[in-house]
Structures are given as C-alpha cells and as structure tokens.
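Commentary on secondary and tertiary structure
Okay, here's what each chain looks like letter by letter:
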Amino acid sequence: MRYKLLGKSGLRVSELCLGTMTFGEDWGWGTSPEESKKVFDAYAAAGGNFIDTANRYTNGSSEKIVGDLVAADRDYFVLATKYSLNTRPDDPNASGNHRKNLVQSLDASLKRLDTDYIDLYWVHAWDFMTPVEEVMQTLNDVVRSGKVLYVGISDTPAWIVSRANMLAGLRGWTPFIGLQIEYSLIQRTVERELLPMAQALNLGVMAWSPLASGLLSGKYTRTDSSGAGTAKGVRRLDTVALHAQHEQNLTIARTVDAIADEIGQTSAQVAINWVRQQGEVIPVLGARKASQLQDNLACLEFTLTTEQMERLNEVSQIELGFPHDFLHSRQESIYGNTLAKIDHPTRL
C-alpha cells in the first residue's frame, strides 16, 4: 500500500480507503462485529490506514465497531466520519448542516468512537437550507477546539464547495481538503464539474461505490446462457436494478469482464483500478466479507495499460453537456489559429 497527501494538506492517507457502512447488522444486511474485525484486519495487514464511517451508518453501530477496532492503535489510523443525515426522523434539528446538528452529532460520534478527536470530519450531504457561512464557521470552531483536525465535504454541488472554500480563505477559516463523490465507470457525470473543481482547488477525491453497487463486480454479468443469475441479482439489489435498466451499463460491465479475463484478474479489480488510475482519486472499498476485501485489495498488484484504459473510457464515455461541449466546438472562435502553439493544462 502506498500513501497520498490528502488534497492541500500534509495528511498521509493510504491509496485505498476502507468504507465501513457494512459494519453492523442493524439494517438487516450488514456484517457482524466478528466479520467486521476480519475485514478490518485484512485492510490493516495490507498497510491501510484510512477508515471511513458516518454517524448514520447502521444506526451508529458502525462507529461503535470502528472505535473498538482502532482503539489498540488509535493514533496510527486516519479516522473519518460524517454528519448531516437524519438520526431522529421526528426531530427537525436532528439532521442538516447547521451548527446545532453539527455540534450534537460530533459529540455523539466521539462517544461512539471512544476517541478524543476525529482526523477528518465530513459534511455528508448539502441541505440547501443552512447558510454556507454558518457551516464553515462552525467547522472552523470544532477544528480550533481540537475535536477535529481536518474537514471535507460529500455529495454537494461544485459551486457550493467552491464558494465555501473561497469564503474560508477570505475569513481565515479551515477549508475543505477533501471531496467525496460517487465515481465509477457507470457514474462519470462528476467529470463535468466536480472533478475539474477538485483539481483546480487541490481537493483530495474519495470515490464511493467504485463497483457501482456491485454491477461491475461480475456477479450480475457472469451468468449462464439463461441469464437467470442476472435476473436474480437484479431482484436482490434495487440500485443494480436501476443500473441494469440501461443496456449501456451492462455493456460497460461486460467490457470490464472481458478485460479481466484477458489479464487473469477479477472484474472488481479492473473496475477499481480504472478509478484508482484517475489521477489522485482514492477508491472507498466496502465489503461484507474479508474474502471480498482481500480480492479487492489485489488490485494493487497490477496496473491497467493505456490501451485497456482507453477501451474502458470509450465504452463508458459521457457527454459533458453545455457549456463544455459548446466551448470545445468553438475553439477556433475562441483561440483563432493559436491554440496549437499555446502550452496549456490538459483539461482544456
């Protein structure tokens, strides 16, 4: 396992992050504490130090299990958790980005995790109600208190993140150093605004669901000729059913399978490596069994070739839409005959 500096910070995090939404059985499909320990141990044995959880995951059980697992060497691990999502459905202040929910959520997470501080505290999702000034000032306050070391933001439009970090810079507050997004061969729309913004602002990027809820793992596309396996898989997982409604997504998944077969690796490893090879992106790996995580970790043992990356890029290509496609088609009007003579960032 190698390590990266997370965004515009000196924080060293492993190139693969362990996501722990599956830790705990409260939601009926998660992992027992005993199996969670096996998953955690496999990740730590590979050199991983970056653990991601949230106060909402399995009704708080995930944080409790994670707290127990890191207790023996708390300072070694980079521990990340989140706030924002509702924890008491009938309490209007038990959700959202505002100061009251942030403070009470953080204190509750510290207790469940049995720790004095959080390495990286995430805004889990934008609520479109709380003023951005309130969010950034409160995050700065909890950093100054020592309860939080760094802050990040997840599942939020690019213009809000940009505005928040500009405001933090002007006020001398703590900025976001990380951005967490859904990103995979199936979900590439973040390439329109969120990834270019992260590059411009030097935000570390964490990609959740790099296997597109399992669609890219091969278990829904590697079936017998009757296709019964695919139908069964789709019925078992609603998110996969949504993906599978689109034949294009199945074509992408089958291309992943084909490349995996050609190089003697698993489909999951190929799909994760496509994400891992997108600049400084850190895939978030979740697993219900230690064997699943060990298979995923084996992606570190090889690199996709340029030709393989191009095949995957081509089959999963999206339209960037307006204004990107429009501006690309008007390059001569914008630059005249000089574009080829100008050294410029590749994002142009």
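Our structure is the block above this text.
This section reports on the structure supplied with the text. (Residues numbered from 1 in each chain as written. Predicted model: local features only at pLDDT ≥ 70, side-chain atom pairs only at ≥ 80, totals over all residues. Heavy atoms only, no water.)

A word on the overall build of the protein chain. Within the protein chain, the secondary structure is distributed over 14 helices and ten strands. The C-alpha radius of gyration of the protein chain comes to 21 Å, within 12% of the 20 Å expected for a compact globule of 348 residues. Along the first, second and third principal axes, the C-alpha atoms of the protein chain reach 55 × 50 × 40 Å. By residue count, 51% of the 348 residues in the protein chain fall in the buried class. Counted over contacts in the protein chain with a minimum sequence separation of 6, partners at least 24 positions apart contribute 75%. (Helix = DSSP H or I, 4+ residues; strand = E, 2+ residues; numbered from the N terminus. Rg over C-alpha atoms; globule rule 2.2 N^0.38 Å. Buried < 20%, exposed > 50% of the residue type's maximum accessible area, 1.4 Å probe, protein only. Contact = heavy atoms within 4.5 Å.)

Moving on to the sheet that holds strand β3 (residues 17-19). In space, the eight strands of this closed barrel follow the order β3-β4-β5-β6-β7-β8-β9-β10, with parallel pairing throughout. Direction aside, neighbouring strands of the sheet carry axes that sit 30 degrees apart on average. Of the strand pairs in this sheet, strand β5 (residues 78-83) and strand β6 (residues 118-123) are connected by four bridges, and their pairing is parallel. In the sheet register, A80 faces β6, and the bridge partner there is L120. Taken strand by strand, helix α1 (residues 33-45) contacts β3 and β4 (50-52), and its axis lies near 175 degrees from that of β3. (Pairing = 2+ DSSP bridges. Axes fitted to C-alpha atoms, helices over the stretch in contact; angles between N-to-C directions.)

Spacing of three or four residues puts side chains on the same side of an α-helix, whose turn is 3.6 residues. With 15 residues, helix α3 (residues 99-113) ought to run about 21 Å at 1.5 Å a step, and its terminal C-alpha atoms sit 21 Å apart, in line with that. Contacts made by the buried residues of α3 are with α2 (61-70), β5, β6, α4 (132-144) and β7 (148-154). Looking one or two residues past α3, D114 carries a phi angle of roughly 55 degrees, positive in sign. (Expected span 1.5 Å × (residues − 1).)

This part is about the side chain of R276. Looking at the element boundaries, R276 is found in helix α10 (residues 267-276). Looking at R276, the relative accessible area reads 14%, which means it is buried. Polar side-chain contacts of R276 include one of 3.1 Å to the side chain of E15. Among residues more than four places away in sequence, those in contact with R276 are E15, L16, V281, P283, C299, L300 and F302. (Polar contact = N/O pair within 3.5 Å; in protein donor to acceptor, adjacent residues only side chain to side chain.)

As a further point, take the packing of α2 against α3. Relative to each other, α2 and α3 sit at 45 degrees, their axes nearing to 7 Å. With respect to α3, the element α2 is oriented oblique. Seen from α2, the contacting residues are E63, K64, V66 and G67; seen from α3, they are S109, R112 and L113. Considering only residue class, the contact of α2 with α3 consists of two nonpolar, two polar and three charged. (Parallel < 35°, antiparallel > 145°, perpendicular 65-115°, else oblique. Nonpolar A, V, L, I, M, F, W, Y, C, P; charged D, E, K, R; others polar.)

This part takes up α10. Buried residues dominate α10, accounting for ten of its ten residues. Turning to α10, its buried residues are S267, A268, Q269, V270, A271, I272, N273, W274, V275 and R276. On its buried side, α10 packs onto β9 (204-208), α9 (247-263), β10 (281-285), α11 (290-297) and α12 (306-316).

Moving on: the state of the cysteines. In this structure the tally under the stated criterion is zero disulfides. A disulfide-free cysteine, C17 has its sulfur positioned 13 Å from the sulfur of C299, the nearest such atom. Since its relative accessible area comes to 0%, C299 is described here as buried. (Disulfide = S-S within 2.5 Å.)

Here the focus is the pairing of β9. Taken residue by residue, a regular strand's side chains alternate between the two faces of the sheet. In terms of residue burial, β9 counts as a mostly covered element, since four of its five residues are buried. Taken together, strand β8 (residues 176-182), helix α6 (residues 194-201) and β9 constitute a β-α-β crossover, and its handedness is right-handed. Sheet analysis places β9 next to β10, joined by three bridges and oriented parallel. Note on β10: the bridge partner recorded for V205 is V281. (Right-handed = clockwise from strand over helix to strand, strands pointing away.)

Attention now goes to the pattern of salt bridges. Inspection of the entire model under this criterion finds 17 salt bridges. In this structure, the salt-bridge partner of D141 is R99, at a minimum N-O distance of 3.1 Å. Residue D141 is found in helix α4, and its partner R99 is found in helix α3; the two are separated by 42 residues along the sequence. Judged by relative accessible area, R99 falls into the partly exposed class, the value being 33%. The network of salt bridges with common partners includes R222, D257 and D261. (Salt bridge = Lys/Arg side-chain N within 4 Å of Asp/Glu carboxyl O.)

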